[in-house]
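The residues making up each chain are set out below.
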Amino acid sequence: MLKIACIYYPKCLLTSINAPLDILKAAAATYKISHPEKSITFDILDYELDRPIHDENLDSIQLKVKRICHKTRYDLIILPAIWRNPLPLINNSSQLISWLKAQHQQKSYICAV
């Protein structure tokens, strides 16, 4: 099974979530034709572990966001572009950075869009 995740955080550009996922879903559909026994999952993960998840932008594009699970290993993690200054997000994301480091140590690919 191939597991793909995209991290959601405030002020991310939603097109940098939608566009890669649309491309990957199209590729997955093609892959499924020649490999019907394989499965591919796509998860949208919230960058904060303890924050209530609600965002009007997510409601408008009908994405369901999950909590980051430390037990789950992803093959590909997509970090979407951030609108405006990224430093406040980076400075307040120690849990996310620790999780990304752990994923990287488990041979996950990390892609910043």
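Coordinates for the structure precede this section.
## Structural notes on the nonpolar core
- Core analysis: the largest hydrophobic core is formed by 23 residues, its most contacted members being I7, I17 and W99.
- Elements represented by at least two residues in this core include exactly strand 1 (2–8), helix 1 (15–34), strand 2 (40–46), strand 4 (76–79) and helix 4 (94–105).
- Ranked by residue count, the leading element in this core is strand 1, at five residues.

## Regarding the pairing of strand 1
- Buried residues dominate strand 1, accounting for six of its seven residues.
- Where strand 1 lies against strand 2, seven bridges are found, and the strand directions are parallel. Its bridge partner lying in strand 2, Y8 is registered against D46.
- Relative to strand 4, strand 1 runs parallel, the two being bridged by three bridges. When the sheet's bridge partners are listed, C6 is paired in strand 4 with I78.

## As for unusual backbone geometry
- Even without being a glycine, R84 presents a positive backbone phi close to 75°.
- Exposure remark for R84: the relative accessible area of 65% places this residue in the exposed category.
- In this model, K107 sits at a positive phi of 75°, which is unusual for a non-glycine residue.
- Structurally, the position occupied by K107 is in the loop between helix 4 and strand 5 (109–112).

## Things to note about a nonpolar patch on the surface
- Together, L87, I90 and I97 line one region of the surface with nonpolar side chains, adding up to about 250 Å² of accessible area.
- Position of I97 relative to the elements: it lies in helix 4.
- Note on I97: relative accessible area 34%, which makes it partly exposed.

## Some words on the sheet that holds strand 5
- Taken in spatial order, the five strands make up an open sheet running 3-2-1-4-5, and their pairing is parallel. A single partner strand is all that each edge strand has here, and the edge strands are strand 3 (65–67) and strand 5. With direction set aside, neighbouring strand axes in the sheet form an average angle of 35°.
- The strands touched by helix 1 within the sheet are strand 1, strand 2 and strand 4, with strand 2 carrying the most contacts at an inclination of about 165°.
- Against the sheet, helix 4 contacts strand 1, strand 2, strand 4 and strand 5, and its axis sits at roughly 150° relative to strand 4.

Here is what the cut-offs are and how they apply
Throughout, a residue's number is its position along its own chain's written sequence, starting from 1. Residues qualify for local features only when their pLDDT is at least 70, as the model is predicted, and side-chain atom pairs are given and counted only at 80 or more; totals for whole chains, interfaces and linings, by contrast, use all residues. The basis for the side-chain values is all heavy atoms of the structure; hydrogens and waters are excluded. For the purposes of this section, nonpolar cores are sets of buried Ala, Val, Leu, Ile, Met, Phe, Trp, Tyr and Cys residues that join through side-chain atoms within 4.5 Å. Exposure is judged per residue with a 1.4 Å probe applied to protein chains only, and the accessible area is read against the type maximum: over 50% gives exposed, under 20% gives buried, and values in between give partly exposed. Counting from the N terminus, the helices are DSSP H or I runs at least four residues long and the strands are E runs at least two residues long. For two strands to be treated as a pair, DSSP must find at least two bridges joining them. Residues form patches when they are more than 30% accessible in relative terms and have no salt bridge. Like charges link within 9 Å. Nonpolar side chains (Val, Leu, Ile, Met, Phe, Trp, Tyr) link within 5 Å. Computed by Shrake-Rupley with a 1.4 Å probe, the accessible areas treat only the displayed protein chains as cover when residues are assessed. Each salt bridge in this description consists of a side-chain nitrogen of Lys or Arg and a carboxyl oxygen of Asp or Glu lying within 4 Å of one another. Orientation is described by axes fitted as lines to C-alpha atoms, over the contacting stretch for helices, and by angles from 0 to 180 degrees between their N-to-C directions. When checking whether two residues touch, look at their non-hydrogen atoms; a contact exists if any pair is within 4.5 Å.

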